[in-house]
Amino acid sequence: MKKVTGIGGIFFKAKDTSAVNDWYKKNLGLDTTPYGVSFEWKNKETGNTGTTQWTPFADTTEYFEPSQKEFMINYRVENLELLVEELKKEKVKILDEIQTYDYGKFVHILDLEDNKIQLWEPID
């Protein structure tokens, strides 16, 4: 079973998200919005398009908890339900239930160093 298929997003804490967005827009040319930027790409094997999200969060966010780290990575996966069952067998800490939205399914886990990881089965 293929598990992670790519990086869905990089999320990090910033003291001033607006200033960070503006800096990256001015200096690196990112087409930022208040939510960061979505990088669109095409899968060379399937021809499907997808996105990778880059987003600064307020440094006061509690969204990355229980991790104490300043970042969270979102990984694109196939068959999230089956993957979660495998992770449970391996005693991986699952932080919440799978949630479904019109753009995909999500769940959060902790790695061995307590980094919070978001797993995403996208609807491309």
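Preceding block: the structure.
Our subject in this report is the structure included herewith.

What counts, and where the lines are drawn
- Throughout, residues of each chain are indexed from 1 in the direction in which the sequence is written.
- Given that this is a predicted model, residues contribute local features only at a pLDDT of at least 70 and side-chain atom pairs are listed and counted only at 80 or more, while totals for whole chains, interfaces and linings are drawn from all residues.
- Calculated side-chain values reflect all of the structure's heavy atoms, with hydrogen atoms and water omitted.
- Here a strand is any run of E in DSSP of at least two residues, a helix any run of H or I of at least four, and the numbering for each starts at the N terminus.
- Only the C-alpha atoms count toward the radius of gyration. The rule for a globule is 2.2 Å times the residue count to the power 0.38.
- Using a 1.4 Å probe, the Shrake-Rupley method yields the accessible areas, and only the shown protein chains count as cover for residues.
- Charge counting follows a simple rule: Lys and Arg are positive, Asp and Glu are negative, and His as well as the terminal groups are ignored.
- All charge positions are set by atom: Lys at NZ, Arg at CZ, Asp at CG, Glu at CD.
- Pairing between two strands is assigned when DSSP locates at least 2 bridges connecting them.

Here's the deal with the overall build of the protein
Okay, step 1: Scanning the protein from terminus to terminus reveals two helices and eight strands.
Okay, step 2: Relative to its length of 124 residues, the protein is compact, with a C-alpha radius of gyration of 15 Å against a globular reference of 14 Å.
Okay, step 3: Each of the three principal axes of the protein carries a C-alpha extent, and together these read 45 × 40 × 25 Å.
Okay, step 4: Element-wise, carbon and sulfur atoms account for 51% of the exposed surface of the protein, whose accessible area totals about 8,200 Å².
Okay, step 5: In the protein, 16 positive and 22 negative side-chain charges are present, and the distance between their average locations comes to 3 Å.

Some words on the pairing of strand 3 (residues 49-58)
Okay, step 1: Pairing geometry for strand 1 (residues 4-14) and strand 3, over six bridges, is parallel. When the bridges of strand 3 are listed, Gly 9 appears paired with Gln 53.
Okay, step 2: Here strand 2 (residues 37-42) pairs with strand 3 via six bridges, running antiparallel. Paired with Val 37 across the two strands is Trp 54, which belongs to strand 3.

Quick look at unusual backbone geometry
Okay, step 1: The residue after Glu 65, namely Pro 66, is reached through a cis peptide bond having omega 15 degrees.
Okay, step 2: As for its placement among the helices and strands, Pro 66 is situated in the loop between strand 3 and strand 4 (71-77).
Okay, step 3: The backbone phi angle of Asn 79 is positive, close to 50 degrees, even though this residue is not glycine.
Okay, step 4: Residue placement: Asn 79 occurs in the loop between strand 4 and helix 2 (80-89).

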